[in-house]
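# Structural description and commentary
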Protein chains: 2
Amino acid sequence: MTINQPAEPMTVTFTCSGQATGKMRNELDIKMIKPINEHFTLATDEGSFHGGDATAPPPLALFIGGLTGCIMTQIRAFAKRMDITIENLHVETTIQWGWTPKDRIYETHPKSLDIDISIESPSALEDQITLVNAAKKGCFVEQTLAQRNQINHRIKTPEGFLVIS
Amino acid sequence: MTINQPAEPMTVTFTCSGQATGKMRNELDIKMIKPINEHFTLATDEGSFHGGDATAPPPLALFIGGLTGCIMTQIRAFAKRMDITIENLHVETTIQWGWTPKDRIYETHPKSLDIDISIESPSALEDQITLVNAAKKGCFVEQTLAQRNQINHRIKTPEGFLVIS
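Residues numbered from 1 in each chain as written. Chains lettered and ligands numbered in written order. Predicted model: local features only at pLDDT ≥ 70, side-chain atom pairs only at ≥ 80, totals over all residues. Heavy atoms only, no water.

Here we take up the overall build of chain A. Each helix and strand in chain A was counted, giving 3 helices and 7 strands. Listing the helices and strands of chain A from first to last along the sequence gives β-β-β-α-β-β-α-α-β-β. Computed over C-alpha atoms, the radius of gyration of chain A comes to 20 Å, more than 25% over the 15 Å expected from 2.2 N^0.38 for 165 residues, which places it beyond the range of a compact globule. Dimensions of chain A, computed from C-alpha atoms along their principal axes, come out at roughly 55 × 35 × 30 Å. Expressed as a percentage of the 165 residues in chain A, the buried residues total 55%. The long-range share in chain A, meaning contacts at least 24 apart out of those at least 6 apart in sequence, stands at 39%. By element, 49% of the accessible surface of chain A is carried by carbon and sulfur atoms, the whole surface being about 7,200 Å². Both charge centroids of chain A, one from 15 positive and one from 19 negative side chains, sit 8 Å from each other. (Helix = DSSP H or I, 4+ residues; strand = E, 2+ residues; numbered from the N terminus. Rg over C-alpha atoms; globule rule 2.2 N^0.38 Å. Buried < 20%, exposed > 50% of the residue type's maximum accessible area, 1.4 Å probe, protein only. Contact = heavy atoms within 4.5 Å. Areas by Shrake-Rupley, 256 points an atom, 1.4 Å probe, with all protein chains shown as cover. Lys, Arg positive; Asp, Glu negative; His and termini not counted. Charge placed at Lys NZ, Arg CZ, Asp CG, Glu CD.)

Turning our attention to the sheet that holds strand β3 (residues 38–44) of chain A. One open sheet accounts for 7 strands, arranged β3(A)-β2(A)-β1(A)-β4(B)-β5(B)-β6(A)-β7(A); its pairing is mixed. Strand pairing shows two members of the sheet lacking a second neighbour, β3 and β7 (160–164) of chain A, which therefore form its edges. Taking the axes of each pair of neighbouring strands and ignoring which way they run, one obtains an average angle of 20 degrees across the sheet. Strand direction decides the pairing type here: strand β1 (residues 10–21) of chain A and strand β4 (residues 88–102) of chain B, joined by 10 bridges, are antiparallel. Along β4(B), the bridge assignment pairs A:Thr13 with B:Gln96. Sitting on the sheet, helix α1 (residues 59–81) of chain B touches β1, β2 (25–34) and β3 of chain A together with β4 and β5 (105–120) of chain B, and the angle it makes with β1(A) is about 35 degrees. (Pairing = 2+ DSSP bridges. Axes fitted to C-alpha atoms, helices over the stretch in contact; angles between N-to-C directions.)

Quick look at the side chain of B:Ser112 now. Residues and elements named next belong to chain B. As for its position among the elements, serine 112 is in strand β5. Overall, the relative accessible area of 15% leaves serine 112 in the buried class. Apart from the residues lying within four places of it in its own chain, the contact partners of serine 112 are Thr94, Ile95 and Gln96.

Let us now look at the interface of chain B and chain A. Frequently, the measure chosen for interface size is the accessible area that the parts lose on association. Each side of the interface is counted separately: chain B has 121 residues, and chain A has 121 residues. Of the roughly 10,900 Å² buried between chain B and chain A on both sides combined, carbon and sulfur atoms contribute 60%. Summed over the three residues of chain B that lose the most area to chain A, namely B:Arg76, B:Trp99 and B:Arg104, the buried surface amounts to 7% of that side. At the junction of chain B with chain A, the criterion picks out 4 salt bridges. Note that B:Asp116 is salt-bridged to A:Arg154, the shortest N-O span being 2.7 Å. Top contributing element to the side of chain B that touches chain A by residue count: α1(B), with 19 residues. Of the residues contributing to the side of chain B that touches chain A, the split by class is 57 nonpolar, 41 polar and 23 charged. (Buried area = accessible area lost by both parts, 1.4 Å probe. Salt bridge = Lys/Arg side-chain N within 4 Å of Asp/Glu carboxyl O. Nonpolar A, V, L, I, M, F, W, Y, C, P; charged D, E, K, R; others polar.)

Examined bridge by bridge, strand β6 (residues 151–157) of chain A and β5(B) share 5 bridges and lie parallel to one another. From the neighbouring strand, A:Ile155 faces β5(B), where its bridge partner is B:Ile117. Relative to β5(B), β4(B) is paired through 15 bridges, and the arrangement is antiparallel. Note on β5(B): the bridge partner recorded for B:Gly98 is B:His109. Between β4(B) and β5(B), which pair antiparallel in sequence order, lie 2 residues; one of them, B:Asp103, sits at a positive phi of approximately 55 degrees.

Any functional reading would require information beyond the geometric quantities listed.
Written out as structure tokens, the structure reads:
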């Protein structure tokens, strides 16, 4: 099987335009704008305990789904390129966060991220492990979580966007 | 307005059970198991350029949607508690990743994460900024991305799960 891929590094860019509606619902208009154009519509909401109407999954469901889907996609995509046969793939992800009250609000922090991978394959276990390690490096979400990221926030003012530090 | 919240720290736990189907589609069965039980069903797929059938959004759409929804939820949830009125909330998120070919596969890394926040409010800009900074600390996804995370991978073997390092 021949896989043709670009020979040079490239940039992959996603944008998300979020509009608050309802009590806690957010309409999310998502686009891939590089290297090709694609368009997706999603939404988040919260359950009644968080003041929402439960009309859509909460943001954390999208987050853990994005992580799980990303590593699964990468395992299948790279299996073809590494000549490893996958007859079945099942992944169980668990994320724990800490929640700490601070006066009337609260703070949060990640406590653990665990991914259990079940591959049915005639290939040797060591080849499956080589595949998973390659998939980790190719998975955009895993590589993002594996480093400390600076998130740049700006807020709209009458004079234009102001950087919040 | 009185908000009652637990006085002690707690743990919030999500699980995701992913089953590969079709060419690149993943069925995602997602549960919040702490502090309360909720259940959500999502899926990811890929477009034809990545060997999929485009039956669901790609993992990166869920990821950027989870981040955007999380900060938006936190801004609205904390506004009530901080006595800041929000008449409209709109957020534009952009994430860029680098993609580098390595032989027949590739590696990835995050390049930039930008969040532009537009709040319509009679409250002073400095109060809006205080709100956004509080929301950053309360947003589970932002706090996860802001630190270097260890992701623990295990692979199923005939003798049970083996830790992959």
